[in-house]
Each structure stands twice: as structure tokens, then as C-alpha cells.
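A look at the structure
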Protein chains: 4
Amino acid sequence: MTTSNDSLARLHAVIESRKGADPEQSYVARLLHKGPDAFLKKIGEEATEVVMAAKDGDARKLVDEVADLWFHSMVALAYYGVSPADVIAELERREGTSGIEEKALRKAQQREGGAP
Amino acid sequence: MTTSNDSLARLHAVIESRKGADPEQSYVARLLHKGPDAFLKKIGEEATEVVMAAKDGDARKLVDEVADLWFHSMVALAYYGVSPADVIAELERREGTSGIEEKALRKAQQREGGAP
Amino acid sequence: MTTSNDSLARLHAVIESRKGADPEQSYVARLLHKGPDAFLKKIGEEATEVVMAAKDGDARKLVDEVADLWFHSMVALAYYGVSPADVIAELERREGTSGIEEKALRKAQQREGGAP
Amino acid sequence: MTTSNDSLARLHAVIESRKGADPEQSYVARLLHKGPDAFLKKIGEEATEVVMAAKDGDARKLVDEVADLWFHSMVALAYYGVSPADVIAELERREGTSGIEEKALRKAQQREGGAP
């Protein structure tokens, strides 16, 4: 059976395989070839589209835009030599750290001036 | 079906379990309770932090910020009744669609003034 | 002599004059015709480009990108029936309100957990 | 030359005067002291809040959020040694350049696959 971890690993491998490929033949090769500003700009753009889809309450569009956002995040990860597995590991580490949510909560409460 | 090693599915279940939980006890419950603007704002903020970590060439920080970005995306997905599995399915659909990258490429070429 | 206020008012008048104009003849008419998502997306994109220009320490590019960001903000203002004069008035109101910076400061200090 | 009714020039002077001031006494001094990431993060955050206010169709909130966005842009301008006057000059240059809108328009048409 295929897990999310497997799917992201496979997509990461596809992105990795585009490094040095012909920019005229592949969208990812083109982004990697043009350098960071090209894909970072897309991250800012897609984050805004996620926000707009959510404000529209359009769940299907939200899924599409989050896919775009995660995809371009993965191009950035590959460019800098890290991977979605590293991101998953970080998310698991936080989940595993007892009290992690409580820490974020205390910080959020302070931010709003609420008594701890 | 969700397997035990499907990290995003497990994290999604944790987020789902926070719906209706005490906002004073959980960061996620607090975000969900405050409503969309609270977590959508975080998506814009974290996307910017991804861009800054990348511009610094700091791969470790990039992983941390992408984890933050994906995490808050997952809060949005849960709020609107969809899931990371839907995002993964969309990414796989695109990967599986022959010619999908070529289509994105043609669009990008047009955008830059390349002949159609 | 021309002030910033005058310049922004004149640019606002130009944008206003594009409402209902032929989308094939004017970039602003086209944005207004396509509706909010078209120019809001640009605001997210240009904000990211401001961040990237700043991280590059490129002051000339920063000016260009802030110009793009403010320009598309002004399209949004016009679309919703408000103007840069309203923004200027709000900025002046804050400046005039004694203690406004101190309030922002206290909030920032709390956010970081520093004692007031 | 700056006239007494040039609001942005006056606000710029206030921001400039905070360079090197006590970070404990002034919000702007604090942002400048903490360095670029502090105010650039705010630009990403405020741009998202502009988008959300617009999607809500809340013109008053839009004015407030655009004021926040422009204010933090001005902190960035000051940090890098440029000013709102430079931004206004760039906006005027574009407005004055005959055909500038037509150029943006042609680019936008190409982007959407329209014939060049």
C-alpha cells in the first residue's frame, strides 16, 4: 500500500531527476535552471491563492492550491538539498515532543496579552 | 486506508481531534476556534519565512519553515473538510497525467513571450 | 509644487478612469474587469518580490517592487471604493495619536514574552 | 524639497529618526534593530491581511491593512537607504511613459495565451 510518505518521496525523486535537465523540455527543470527567485515567487503567489480559495469556502479549489503550494515548496527543498522526508521528520518530532502544542499555545496567549 | 507509517494522515487525525476542543488547552483548537483568518494569516506569514530562509541559503531553517507552512495548510484543509490525502491524490493525478509538465511548460514559455 | 499626496491622488484618478474601460486596451481595466482575485494575487506576488529584493540588498529593485506593490494596492482600493487619501489619513491619524508607537511596542514586547 | 503637506515624506522622516533609537522605546526602532527579517515578515503578513479584508469586501478594514502594508514597506525603504519619494518617482515615471500600460497589457495577454 502507498502512503503519503511514499508519494512525496516519489515526487521528490521526479523533481531531483529534473536537475540539469533541458529547461525547454520540463517545467521543473526550467524553474531550477532560472534559480531561486523563480520558484520562491511562486510560493508567495500560491500561498495567496490558498488564502483566496479558503475565503471563498471552495474546498476543491483549496486542495488544488495547496497542491500547487506544496509542489513548489518541494522544488525549493530539492534545490537546497533537503527533502519532504526532512519536513515529515520535523513534523513528527514536534508531534512526538510532549508539550509542543502547549508551548505554541502559551506563546499565542502571551501574544494576545492573555494571562498565562 | 491509513497505515501506521502514514505521517500526514496521522497528523491530520490529530488536527481533526482538536475540532471543538478547549481553545485554552490546544494551539490547533485555538486556531480552529478563532476561525479562518487566524490560520490563513499564518499561511501568508510562513510562506514569507520560507522565502527568507531560502534566500539565506539555510537548508535547516528552510525545512523548519516548510514544516510550519505545511502544518498550517493542514489546519486549513481540516477546517474546510478536506485532507492531505486529497492533496497527495491531486499531486499524483498530475504526475500520472502524461504531458502535465509539458502543459505547464508551454504556459510558462508563453508567459515570457515565447512564440505559441 | 507636487507632493506625494498629489501624485497618489492623480494615479488614483487614472485608475478610477479605467473602470469600465476596454479590457483589451488597458492593463488596469483588465485587472478591474477580471475581478478581485486577479489583482489580489498580484499583491501576494509583489509582496514576495519586495521581500526577495530586500534580501538581495538591492535598493533599486526594492523601489521597483514597492512601486508594483503599492500600485496593485491602489487598484484594490479603487475597486472597493476607497482611495490612497484614506490610507494617508489613517497613517496620519496613527502618527498623530500620541502613544501609538508605544502601544505597538508593548504588544511586540508581550509577543516575545518580555516583561512590560 | 518636502512641503508641509507631504504626508509620506514626513512619515519617512519619523522612521529615519528612529534609526539607532532605543528599541525599548519605539516600535520602529525595534524593527530596525532586529533587522530585515523582522519587518519583511510583517510585509508578507500584512499583504495577506489586505487580501483577506478585500475578500471580505470590508473597505474600512482594507484601508487599515493597506496602511499597515505601506507602513512596513516604508520601514524597509528606510533600512535600505531609499524613500517613498523614490517609489512615487518610479510610479510617475511609469505613468509618464507613453505606452507603459499597453506594454503591461501585451505581457498579460501573452501570459494568457493570446496572440502576440
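Our structure is the block above this text.
Because the structure is predicted, anything quoted here is derived from the model rather than measured. (Residues numbered from 1 in each chain as written. Chains lettered and ligands numbered in written order. Predicted model: local features only at pLDDT ≥ 70, side-chain atom pairs only at ≥ 80, totals over all residues. Heavy atoms only, no water.)

For the rest of this paragraph, the subject is the overall build of chain A. Counting its regular elements, chain A contains six helices and zero strands. Start at the N end of chain A and walk to the C end: the helices and strands fall as α-α-α-α-α-α. Split into buried and exposed, the 116 residues of chain A put 53% on the buried side. By sequence separation, contacts in chain A at least 24 residues apart represent 53% of the contacts at least 6 residues apart. When the accessible surface of chain A is split by element, carbon and sulfur atoms take 50% of a total near 4900 Å². (Helix = DSSP H or I, 4+ residues; strand = E, 2+ residues; numbered from the N terminus. Buried < 20%, exposed > 50% of the residue type's maximum accessible area, 1.4 Å probe, protein only. Contact = heavy atoms within 4.5 Å. Areas by Shrake-Rupley, 256 points an atom, 1.4 Å probe, with all protein chains shown as cover.)

One pass over the structure, following the stated rule, counts 60 salt bridges over all chains. A salt bridge links Asp56 of chain A to Lys55 of chain D, with the shortest nitrogen-to-oxygen separation between them at 2.9 Å. With Asp56 of chain A in the loop between α3 (36-55) and α4 (59-79) and Lys55 of chain D in helix α3 (residues 36-55), this pair bridges two chains. Arg93 of chain A is paired through a salt bridge with Glu90 of chain A; the nearest N and O atoms lie 3.0 Å apart. Here the residue Arg93 of chain A and the residue Glu90 of chain A both occupy positions in helix α5 (residues 84-96), the gap between them amounting to three residues, near one helical turn. Classification of Glu90 of chain A by relative accessible area gives buried; the value is 6%. Among the charged side chains, a salt-bridge network with shared partners connects Arg60, Asp64 and Asp68 of chain A together with Glu90, Arg93 and Arg94 of chain B. (Salt bridge = Lys/Arg side-chain N within 4 Å of Asp/Glu carboxyl O.)

Let us now look at the relation of the copies chain B and chain A. Overlaying chain B with chain A gives an RMSD of 0.1 Å, the required rotation being 180° about an axis along which the chain moves by 0.0 Å. The superposition operator between the copies reduces to a two-fold rotation axis. No C-alpha of chain B lies nearer the rotation axis than that of Ala47 of chain B, which sits 3.2 Å from it. Comparing contact sets, 98% of the residues at the interface of chain B also lie at the interface in chain A, consistent with an isologous, same-surface contact. (Least-squares fit on C-alpha atoms with pLDDT ≥ 70 in both.)

Between chain D and chain C, the residue contacts involve 60 residues of the former and 61 residues of the latter. Taking both partners together, chain D and chain C bury about 5500 Å²; carbon and sulfur atoms supply 63% of that area. Asp37 of chain C is paired through a salt bridge with Lys55 of chain D; the nearest N and O atoms lie 2.7 Å apart. Elements that contribute at least two residues to the side of chain D that touches chain C include exactly α1 (7-17), α2 (27-34), α3, α4 (59-79), α5 (84-96) and α6 (100-111) of chain D. Ranked by residue count, the leading element in the side of chain D that touches chain C is α4 of chain D, at 15 residues. (Buried area = accessible area lost by both parts, 1.4 Å probe.)

Take the packing of helix α3 (residues 36-55) of chain B against helix α4 (residues 59-79) of chain B next. All names here are of chain B. Two elements in contact, α3 and α4, have axes separated by 8 Å at closest approach and are oriented at 160°. Viewed along their axes, α3 and α4 adopt a mutual orientation that is roughly antiparallel. As α3 packs across α4, the resulting crossing turns out to be left-handed. Of the residues in α4, those touching α3 at Pro36, Phe39, Lys42, Ile43, Glu46, Ala47, Glu49, Val50, Ala53 and Ala54 are Lys61, Leu62, Glu65, Val66, Asp68, Leu69, His72, Ser73, Val75, Ala76 and Tyr79. Taken together, the residues that form the contact of α3 with α4 break down as 13 nonpolar, two polar and six charged. (Axes fitted to C-alpha atoms, helices over the stretch in contact; angles between N-to-C directions. Parallel < 35°, antiparallel > 145°, perpendicular 65-115°, else oblique. Left-handed = near helix turned anticlockwise from the far one by under 90°. Nonpolar A, V, L, I, M, F, W, Y, C, P; charged D, E, K, R; others polar.)

This next bit is on the relation of the copies chain D and chain C. Structural alignment of chain D on chain C gives an RMSD of 0.1 Å, achieved by rotating through 180° and translating 0.0 Å along the axis. Both copies present the same face, since 98% of the interface residues in chain D are matched by interface residues at the equivalent positions in chain C.

The end-to-end C-alpha distance of α4 of chain A, which contains 21 residues, comes to 30 Å, matching closely the 30 Å that a straight helix rising 1.5 Å per residue would cover. Following α4 of chain A by one or two positions, Gly81 of chain A adopts a phi angle in the positive range, close to 80°. (Expected span 1.5 Å × (residues − 1).)

Along the polypeptide, Leu40 of chain B turns up in helix α3. A C-alpha to C-alpha distance of 7.8 Å links Leu40 of chain B and His72 of chain B, two positions 32 residues apart in sequence. Every residue in contact with Leu40 of chain B, bar those within four places of it in the chain, is listed here: Val51, Ala54 and Lys55 of chain A together with Thr48 and Met52 of chain D.

Attention now goes to the nonpolar core. Formed by 140 residues in total, the largest nonpolar core has its most connected members in Leu62 of chain A, Leu62 of chain B, Leu62 of chain C together with Leu62 of chain D. Setting aside residues no more than four positions away along its own chain, Leu62 of chain B makes contact with Ala76, Leu77, Tyr80 and Val82 of chain A together with Val50, Ala53 and Ala54 of chain B. (Core = buried A, V, L, I, M, F, W, Y, C linked by side-chain atoms within 4.5 Å.)

For the rest of this paragraph, the subject is the interface of chain B and chain A. One widely used convention gives an interface's size as the accessible area the parts lose upon coming together. Taken together, the 60 residues of chain B in the interface contact 60 residues of chain A. Buried surface at the junction of chain B and chain A, both sides included, amounts to about 5500 Å², of which 63% is carbon and sulfur. Connecting chain B to chain A are eight salt bridges. Along the contact surface separating chain B from chain A lie 18 residue pairs in polar contact (both at pLDDT 80 or more). Among the elements of the structure, α1 (7-17), α2 (27-34), α3, α4, α5 (84-96) and α6 (100-111) of chain B are those that each provide at least two residues to the side of chain B that touches chain A. No other element matches the 15 residues that α4 of chain B contributes to the side of chain B that touches chain A. Here the side of chain B that touches chain A is built from residues that sort into 33 nonpolar, eight polar and 19 charged. (Polar contact = N/O pair within 3.5 Å; in protein donor to acceptor, adjacent residues only side chain to side chain.)

All names here are of chain D. Most of α2 is tucked away: six of the eight residues are buried. Considered for burial, the residues of α2 that qualify are Tyr27, Val28, Ala29, Arg30, Leu31 and Leu32. Regarding α2, its N-cap is Ser26, as a side-chain oxygen of that residue lies 3.3 Å from the backbone nitrogen of Val28 further along. Backbone geometry just after α2 places Gly35 at a positive phi near 95°.

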